[in-house]
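One letter stands for each residue in the lines below.
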Amino acid sequence: MSLPANANANMDEKVVQYENFISLVLKKDLQKVLEQRDEVYEKISEYLQLKNTIYSLQGADSQRLKTDVDLGCNFYVQAEVEDTSRIFVAVGYGFFVEMNHDEALRFIDKKTNQLTAFTEQLTKDSAKIKANIRMVLEGLRELQGLSDVSDSRSGEVLSM
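Calculation rules
- The numbers attached to residues start from 1 for each chain and follow its sequence in the written order.
- Predicted model: local features are reported for residues with pLDDT of at least 70 only, side-chain atom pairs are reported and counted for 80 or more only, and whole-chain, interface and lining totals are derived from all residues.
- Only hydrogens and water are set aside when side-chain values are computed; all heavy atoms of the structure are taken into account.
- Excluding any residue in a salt bridge, patches collect residues exceeding 30% relative accessible area, merging like charges within 9 Å and nonpolar Val, Leu, Ile, Met, Phe, Trp and Tyr side chains within 5 Å.
- A 1.4 Å probe and the Shrake-Rupley method give the accessible areas. Residues count as covered only by the protein chains that appear here.
- We define a salt bridge as a contact between a side-chain nitrogen of Lys or Arg and a carboxyl oxygen of Asp or Glu at a distance within 4 Å.
- Under this rule, positive means Lys or Arg and negative means Asp or Glu; His and the chain ends count for nothing.
- Charge coordinates come from a single atom per side chain, which is NZ of Lys, CZ of Arg, CG of Asp or CD of Glu.
- Strands are runs of DSSP state E lasting at least two residues, helices are runs of H or I lasting at least four, and both sets are numbered from the N terminus onward.
- To estimate the expected span of a helix, count its residues, drop one, and scale the result by 1.5 Å.
- Identification of polar contacts relies on pairs of N or O atoms within 3.5 Å, with a donor-acceptor requirement for protein atoms, meaning one able to donate a hydrogen and the other able to accept it, and with residues adjacent in sequence counted only if both atoms are side-chain atoms.
- Put simply, buried Ala, Val, Leu, Ile, Met, Phe, Trp, Tyr and Cys residues joined by side-chain atoms within 4.5 Å make one nonpolar core.
- Accessibility here uses a 1.4 Å probe with only protein chains present; expressed as a share of the type maximum, an area under 20% marks a residue as buried, one over 50% as exposed, and anything in between as partly exposed.
- Two residues form a contact once any of their heavy atoms are found within 4.5 Å.

K.L.:
Is there a simple way to think about a negative patch on the surface in this case?
P.N.:
A surface patch of negative charge is lined by Glu-35, Asp-38, Glu-39, Glu-42 and Glu-46. Counting through the fold element by element, Glu-39 comes out in helix α1 (residues 5-59).

K.L.:
Would you take a moment to explain helix α2 (residues 101-144) for this structure?
P.N.:
Counting along an α-helix, one turn takes 3.6 residues, and residues three or four places apart therefore face a common direction. With 44 residues, α2 ought to run about 64 Å at 1.5 Å a step, and its terminal C-alpha atoms sit 63 Å apart, in line with that. For α2, the N-terminal capping position is held by Asn-100, with its side-chain oxygen 3.1 Å away from the main-chain nitrogen of Asp-102. With its phi angle positive at about 70°, Gly-145 sits one or two positions after the end of α2.

K.L.:
Explain a nonpolar patch on the surface to me, please; I cannot follow it from the model alone.
P.N.:
Where nonpolar side chains cluster on the molecular surface, the patch consists of Val-69, Leu-71, Phe-75 and Val-77 and spans about 370 Å² of accessible area. Elements with a minimum of two residues in the nonpolar patch: β1 (65-72) and β2 (75-81). Looking at the element boundaries, Val-69 is found in strand β1.

K.L.:
Before we go on, may I ask you to explain the nonpolar core in this structure?
P.N.:
By size, the foremost hydrophobic cluster in this structure holds 24 residues, and its most contacted members are Ile-22, Tyr-47, Ile-54, Val-89, Ala-104 and Ile-133. Among the elements of the structure, α1, β3 (86-92) and α2 are those that each provide at least two residues to this core. Examining the composition of this core, we find that 11 residues originate from one element, α1, more than from any other. With near-sequence residues (within four places) excluded, Ile-22 lies in contact with Lys-27, Ile-133, Val-136, Leu-137 and Leu-140.

K.L.:
Hey, could you run me through the pattern of salt bridges in this one?
P.N.:
Any two side chains of opposite charge can pair, so long as their charged atoms come close to each other. Counted by the stated rule, this structure contains 5 salt bridges. Taking the shortest distance from any N to any O, the salt bridge between Asp-109 and Lys-51 comes out at 2.7 Å. Of the two residues, Asp-109 sits in helix α2 while Lys-51 sits in helix α1, which places them 58 residues apart along the sequence. For Lys-51, a relative accessible area of 18% translates into the label buried. A salt bridge links Glu-138 to Arg-141, with the nearest nitrogen and oxygen atoms 3.0 Å apart. Linking Glu-138 with Arg-141, this pair stays in helix α2, spanning 3 residues, or about one helical turn. Residue classification places Arg-141 among the buried positions, given a relative accessible area of 13%. One network of salt bridges, with partners in common, ties together Arg-64, Glu-80 and Glu-82.

Now the structure itself:
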């Protein structure tokens, strides 16, 4: 039993709409969520690097520190810090707060816990988007009357 030409054209139109939805909406949403998660991982990495620096400052006997400071565009100048007992920590929205080492370590722990929870939520969001992509692909497969898609091929679509 074959479908009339009008129904076949309508089905082709629906297939194109679903494919556009996957390409233009779902994949872009997935890419945005994954990029946002990567940015949060970078922030976590910076805070953990600061934490290690604070530990090394606490272990050093001297209160003075010589270092290179990046002025931007990979231009560095030598700097000397007279008193390393207090540091400025970026707390968000462009604000910095002067803290002693213990305060900074407590703040870093709280901030990394908060950021880690946010990355977990972003990971869940990306899994939901991947599930939506899979659902639309399955709907397309059924609409076109195709057999099951192999796992290796469907993995390509979801491996963003």
